[in-house]
Amino acid sequence: LGLMIGAAIGYVMGIFAVAGIPDGMEPGKAGVLAAEIVTDSSAYLLLDLLGDMFIRGLKLIIVPLVTTSIVLSIVNIGAQKGFGRLGGKTLLYYLSTSLISILIGLTLVNIFAPGSGAGGKGILEGRDLSAFASDQATVQSKAGGKTAGDFLNVFREMVPPNVVKAAAEGQLLGLIIVSLLVGYFLSRINTDLQTVIVRLVEGIYQVTLKITHLVLRLAPIGVVGLLAATISQQYAKLAPDQRFDQFITGIATFAGIAFAALMIHLFMVLPLILLLLAKVNPVRHYRAMAPALMTAFSTASSSATLPVTMECVEKRAGVSNKTAGFVLPLGATVNMDGTALYECVAAIFICQAFGVELTMAQQFMIVITALLTSVGVAGVPAASLVAIIVILNAVQNQLAAPAPMLVAGLGLLFVFDRPLDMCRTAVNIFSDSCGAVLIARSEGEANVLTGEAPA
Ligand code: ASP
């Protein structure tokens, strides 16, 4: 209901803003003006505030929730000596599902070639790209000339020299590794001390859960705010903006393909894994995960959704805290099937738009770079765009001169980025949750998705 009310309010606000633009204005400027009319309105300010407070509430929980749940999970696993096995299975699941999703995207984008226009010419060939300049400059400044090598720095961040700073900056990967270490060695110290610390961590965990419940109770209101703010702004920006008219079929086909590929992964591949490998009823799992899917969809951030994902997987799907506490926080940063798929489709689409023919080897490189960068992408809105620049730079280095500047085509992605971001984030967190279910089942957990309320 929150999603629908938010979307409706946003739509109406967008229509009013567009109606307020003077006639005969240049379309590109009209879009910017309409978006300004929306963001200056007091309704927008209020809705944006509601949405933002909800996201801040979720983010507030992340650090204590991730650290305590991982420590507790690892202490429990450590006691049974299954850590290596669990870790191995988790990584195998993450890598293989991300790879499958990339391959789905790769196949569709090659079959439909949305970037190729009439006569096989790229839709951007010979076009004036100045209209994209400002959009592109914003993302590029974020990427700061990063190459694939720099992107691997995320692995460096796995060892944070200062754990307080890592927590303050929300560097989840570093925190996860530190929590793993703490949990592991906690399970190997003198039992008296161990009991004291574990009790303390458990206490903090319980309190964090209570706060999570409170924030979740406010979710419907937050979701109204988030959706209304996003949709009103997007509508106002795009409706009067005819800049993209000439490319619109290509861009819309691209968005359609990315969407279709995401949906194939979400509604065919992942449920098959649940059915065949985890041997559970996928419909039950969708039902259990509905709140998390909707939160992911409205926030476009896997990290912000993490508290809801954990709540759904543990309380509604019945996966133990031991498994979920380890698999989900790691998955929220490392396993992004939707993002990996989107990166691959988007990068190839831009190459097609410039009429650049990619060899098999170059496509293979895109697949691998999409896989690696999706591990490093942060779980925040629009994070993939930076990774796409990295991929395009890598392709660029392989092209013989004179070659078009591929990153200049990034503007094509802006039109549908937000709605696609909402969908890929939902796919990202759903894949994490399927991983938790699969691994829980393989560890012999019997209460997963049985339809009975878990204890
Ligand atoms: N918004 C995505 C997430 O948080 C990342 C991305 O694809 O931009 O999972």
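In what follows, the structure referred to is the one given above.
Residues numbered from 1 in each chain as written. Predicted model: local features only at pLDDT ≥ 70, side-chain atom pairs only at ≥ 80, totals over all residues. Heavy atoms only, no water.

Peer 1: Can you lay out the pattern of salt bridges for me, pointing to particular residues and giving the numbers?
Peer 2: Side chains carrying opposite charge are able to pair once their charged atoms draw close together. For the structure on display, the rule yields five salt bridges. The residue Arg199 makes a salt bridge to Glu202 at a minimum N-O spacing of 3.7 Å. With a gap of three residues between them, Arg199 and Glu202 both fall in helix α10 (residues 191–217), about one helical turn apart. On the basis of relative accessibility, which here comes to 59%, the residue Arg199 falls in the exposed class. For the salt bridge of Asp417 with Arg424, the shortest nitrogen-to-oxygen distance reads 3.3 Å. When sorted by exposure, Asp417 lands in the same class as Arg424, which is buried. Ionic contacts of the salt-bridge type, sharing partners, join the residues Arg85, Lys89 and Glu443 into one network. (Salt bridge = Lys/Arg side-chain N within 4 Å of Asp/Glu carboxyl O. Helix = DSSP H or I, 4+ residues; strand = E, 2+ residues; numbered from the N terminus. Buried < 20%, exposed > 50% of the residue type's maximum accessible area, 1.4 Å probe, protein only.)

Peer 1: Give a detailed account of α10, specifying residues and quantitative values.
Peer 2: If you check α10, its first and last C-alpha atoms are 38 Å apart, about what 27 residues at 1.5 Å a residue would give, namely 39 Å. Of the residues making up α10, those classed as buried are Gln194, Val198, Val201, Tyr205, Thr208, Leu209, Thr212, Val215 and Leu216. (Expected span 1.5 Å × (residues − 1).)

Peer 1: Requested: an account of the side chain of Asp432, with residues and values cited.
Peer 2: Relative to the elements of secondary structure, Asp432 occurs in helix α20 (residues 417–442). Look at Asp432: it is buried, it has no salt bridge, and the nearest opposite charge is Arg424 at 13 Å. A polar contact is formed between the side chain of Asp432 and the side chain of Asn335, at a distance of 2.9 Å. Contacts of Asp432, omitting those with residues within four sequence positions, involve Val327, Leu328, Gly331, Ala332 and Asn335. (Lys, Arg positive; Asp, Glu negative; His and termini not counted. Polar contact = N/O pair within 3.5 Å; in protein donor to acceptor, adjacent residues only side chain to side chain. Contact = heavy atoms within 4.5 Å.)

Peer 1: Explain unusual backbone geometry to me, and be specific about the residues and the numbers.
Peer 2: Unlike most non-glycine residues, Lys279 shows phi in positive territory, near 55°. Tracing the backbone through its elements, the reader meets Lys279 in the loop between α12 (248–277) and α13 (282–299). Here Lys279 falls in the exposed class, since its relative accessible area comes to 60%. In the Ramachandran plot, Ala382 falls in the positive-phi region, its phi being about 60° despite a non-glycine side chain. In this structure, Ala382 sits in the loop between α17 (360–376) and α18 (383–398).

Peer 1: Tell me about the site of the ligand, residues and numbers included.
Peer 2: In the vicinity of the ligand, 15 residues are found, and the nearest of them are Ser302, Thr339, Ser384, Asp421 and Arg424. A distance of 2.9 Å is found between an oxygen atom of the ligand and a backbone nitrogen or oxygen belonging to Ala383. Asn428 has a polar side-chain atom sitting 2.8 Å from an oxygen atom of the ligand. Protein contacts shield 100% of the accessible area of the ligand, which totals 270 Å² for the unbound molecule. Elements with a contribution of two residues or more to the shell around the ligand: α18 and α20. In terms of residue count, the dominant contributor to the shell around the ligand is α20 (four residues). Looking at the shell around the ligand residue by residue, the class counts come to six nonpolar, seven polar and two charged. (Near = heavy atom within 4 Å. Areas by Shrake-Rupley, 256 points an atom, 1.4 Å probe, with all protein chains shown as cover. Nonpolar A, V, L, I, M, F, W, Y, C, P; charged D, E, K, R; others polar.)

Peer 1: Lay out the nonpolar core with the relevant residues and their values.
Peer 2: Leu392, Val395 and Leu413 are the most contacted members of the largest nonpolar core, which has 128 residues in total. When near neighbours in sequence (up to four residues on either side) are disregarded, Leu392 contacts Ala347, Ile350, Cys351, Leu406, Val407 and Leu410. Counting residues in each nonpolar core, the second largest holds twelve residues, with Ala17, Ala34, Leu47 and Ala236 among its members. (Core = buried A, V, L, I, M, F, W, Y, C linked by side-chain atoms within 4.5 Å.)

Peer 1: Lay out helix α16 (residues 337–353) with the relevant residues and their values.
Peer 2: In a regular helix each residue adds 1.5 Å, so 17 residues correspond to 24 Å; α16 covers 24 Å between its end C-alpha atoms and thus fits that length. With respect to burial, α16 is a largely interior element, 17 of its 17 residues being buried. Positive phi shows up at Gly355, right after α16, with a value of about 70°.

Peer 1: Describe the environment of Ala35, with residues and values.
Peer 2: For Ala35, the position within the fold is in helix α2 (residues 27–40). Given the relative accessible area of 11%, Ala35 is considered buried. The sequence separation of Ala35 and Val18 amounts to 17 residues, and the corresponding C-alpha distance is 8.4 Å. Contacts of Ala35, omitting those with residues within four sequence positions, involve Gln233, Ala236 and Lys237.

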